[in-house]
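# Descriptive structure summary
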Amino acid sequence: MDWDKLRIFHAVADAGSLTHAGDTLHLSQSAVSRQVRALEESLNTVLFHRHARGLILTEQGELLFDATRSMNKRIEAATARIRDSEEEVFGELRVTTTIGFGSLWLAPRLPKLYEKYPDLNIDLMLEERVLDLPMREADVAVRMKEPSQADLIRKKLMSIRMRLYASPEYLAQNGTPETIEDIAKHRLICQNPRAAQVSAGMIMVQQLLAYDVKSTLTVNNYFGVLQSVLSGLGIGVLPDYIIEDFPTIKRVLIDVESAEVPVFLAYPEELRQSKRIAAFRDFVQEEIFAHRQTRKALEAGASTQV
């Protein structure tokens, strides 16, 4: 098949419109239409159903689009590897992680990475959905569980736990719970057990709610939980990595915590030689080491005060 026609077909299928595809390809609508019609004639099949609202792929069109999408991902990967053969770290790096870890831990530390590599462009994608790295939805991921795909390079960074925190102002006004049963007298701030989250956090929240908590605030991410805790609204279930950057909040009910949650960094095998991946990996590992040292010091200080 004609590679140029396939490229144009892919753009049309992706955009769902001859006009939008033409804008992307810098071609006129008539030129795009001629190329698609020629491809259909060469294959002796119809690839699109045409209607007033745009174009819809036929069954044969879907089959071809699956193939061109896979080809496009491989071309992107090859392009990335070619660019990474240069000595300097530059270009786009697509990083995916959870909303909580990305906004509360990773983003505040990125200035150090940009200071070292000012020509790096990071696309930070924060969502609970696990993006498909082999299909190049992202280049590198920081995940709260070990990746299941076999064709990924993965490295365990650390383990975290969900614990209970409150602001000094809230505790001064409402008292500090002494036993887990006392949680019923306080407002609990947490993620909804039905929301996408690590299973350890969900189990901990379910156990706490079993104590007949009278007032709750549920938020669909830990950033919202943290802001509510800092505002003195109640006692929040939060990952322990937040204490370094928010030392004013106090941990309560020291014996209550979730099971360990492993944190993994992962990227596709085909990007093993990527200098951008290596730069990001080394940066995260250095920050994790510094984070561990700071957390040990903070926890040692807290135990001394007790």
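For the structure itself, consult the block above.
One structure accompanies this document, and this report is about it. Note that the structure is a prediction, hence the values are computed from the model and not measured.

## Some thoughts on empty space enclosed by the protein
Applying the stated rule across the entire model yields one cavity of 30 Å³ or more. Forming the boundary of the largest cavity are Leu18, Ser33, Val36, Phe48, Arg50 and Leu55. Along the lines of polarity and charge, the residues of the lining of the largest cavity split into four nonpolar, one polar and one charged.

## Description of the packing of aromatic side chains
Taken as a whole, this structure holds four aromatic pairs when the rule is applied. With centroids separated by 5.5 Å and ring planes inclined at 50°, the aromatic side chains of Phe9 and Phe48 adopt a geometry described as tilted. Remark: Phe48 occurs in strand S1 (residues 48-51) and Phe9 occurs in helix H1 (residues 3-15); sequence separation between them is 39 residues. The burial state of Phe9 is the same as that of Phe48; both residues are buried. Ring geometry for Phe101 against Trp105: centres 5.0 Å apart, planes inclined by 20°, an arrangement best described as stacked. Of this pair, Phe101 and Trp105 both sit in helix H5 (residues 99-106), four residues apart, which is roughly one turn of the helix. Cluster of aromatic residues (ring-pair linked, three or more members): Phe101, Trp105 and Tyr241. Directly above the ring of Phe65 sits Arg69, whose terminal nitrogen or CZ lies 4.4 Å from the centroid.

## Examining the nonpolar core
In globular proteins that are soluble, nonpolar side chains generally tend to be buried together. Counting residues in hydrophobic clusters, the biggest one holds 58 residues, and the most contacted among them are Leu164, Val237, Leu238 and Phe280. If you tally residues by element for this core, the top one is helix H10 (residues 275-305), at five residues. Non-local contacts of Phe280, meaning those with residues more than four positions away in its chain, are made with Leu93, Val95, Leu106, Leu113, Val140, Val142 and Leu265. Membership of the second largest hydrophobic core comes to 18 residues, among which are Leu6, Ala11, Val32 and Leu57.

## Considerations on the sheet that holds strand S6 (residues 152-160)
Overall, mixed pairing links the five strands, which are arranged S4-S3-S5-S12-S6 in an open sheet. Whereas interior strands pair on both sides, the edge strands pair on one side only; in this sheet they are strand S4 (120-126) and S6. Across the sheet, the mean angle from the axis of one strand to that of its neighbour is 20°, orientation sign disregarded. Two elements, S6 and strand S12 (residues 261-268), share eight bridges in a ladder whose sense is antiparallel.

## Some remarks on H5
For H5, the tally of buried residues reaches six of eight residues, placing the bulk of the element in the interior. All of the buried residues in H5 are Gly100, Phe101, Gly102, Leu104, Trp105 and Leu106.

## Comments concerning the pairing of strand S2 (residues 54-57)
When a strand is regular, its side chains alternate between the sheet's two faces. Here S1 pairs with S2 via four bridges, running antiparallel. Residue pairing across strands places His51 opposite Gly54, the latter belonging to S2. Between the antiparallel neighbours S1 and S2 lie two residues.

## A few points about the sheet that holds strand S10 (residues 235-239)
Strand order in this open sheet of five strands is S9-S8-S10-S7-S11, and the pairing throughout is mixed. Two strands bound the open sheet, and with one partner strand each, they are strand S9 (215-218) and strand S11 (250-257). Strand-to-strand twist in this sheet, taken as the mean axis angle between neighbours without regard to direction, amounts to 30°. The pairing of strand S8 (residues 187-190) with S10 spans two bridges and is classified as parallel. Counted as the bridge partner of Ile189 is Gly236 from S10. Here helix H8 (residues 199-209) sits on the sheet in contact with strand S7 (162-166), S8, S9, S10 and S11, set at roughly 55° to S7. The sheet strands contacting helix H9 (residues 222-230) are S7, S8, S9 and S10, and the helix crosses S10 at an angle near 140°.

Calculation notes
Residues numbered from 1 in each chain as written. Predicted model: local features only at pLDDT ≥ 70, side-chain atom pairs only at ≥ 80, totals over all residues. Heavy atoms only, no water. 1 Å grid on protein atoms, 1.4 Å probe; cavity = no way out; pocket = protein on both sides within 12 Å on 5 of 7 lines; lining within 4 Å. Points joined across faces, edges and corners; volume = space filled by probe spheres on them. Nonpolar A, V, L, I, M, F, W, Y, C, P; charged D, E, K, R; others polar. Phe/Tyr/Trp six-rings, centres within 6.5 Å; stacked < 30°, edge-to-face > 60°. Helix = DSSP H or I, 4+ residues; strand = E, 2+ residues; numbered from the N terminus. Buried < 20%, exposed > 50% of the residue type's maximum accessible area, 1.4 Å probe, protein only. Lys NZ or Arg CZ within 6 Å of the ring centre and 35° of its normal. Core = buried A, V, L, I, M, F, W, Y, C linked by side-chain atoms within 4.5 Å. Contact = heavy atoms within 4.5 Å. Pairing = 2+ DSSP bridges. Axes fitted to C-alpha atoms, helices over the stretch in contact; angles between N-to-C directions.

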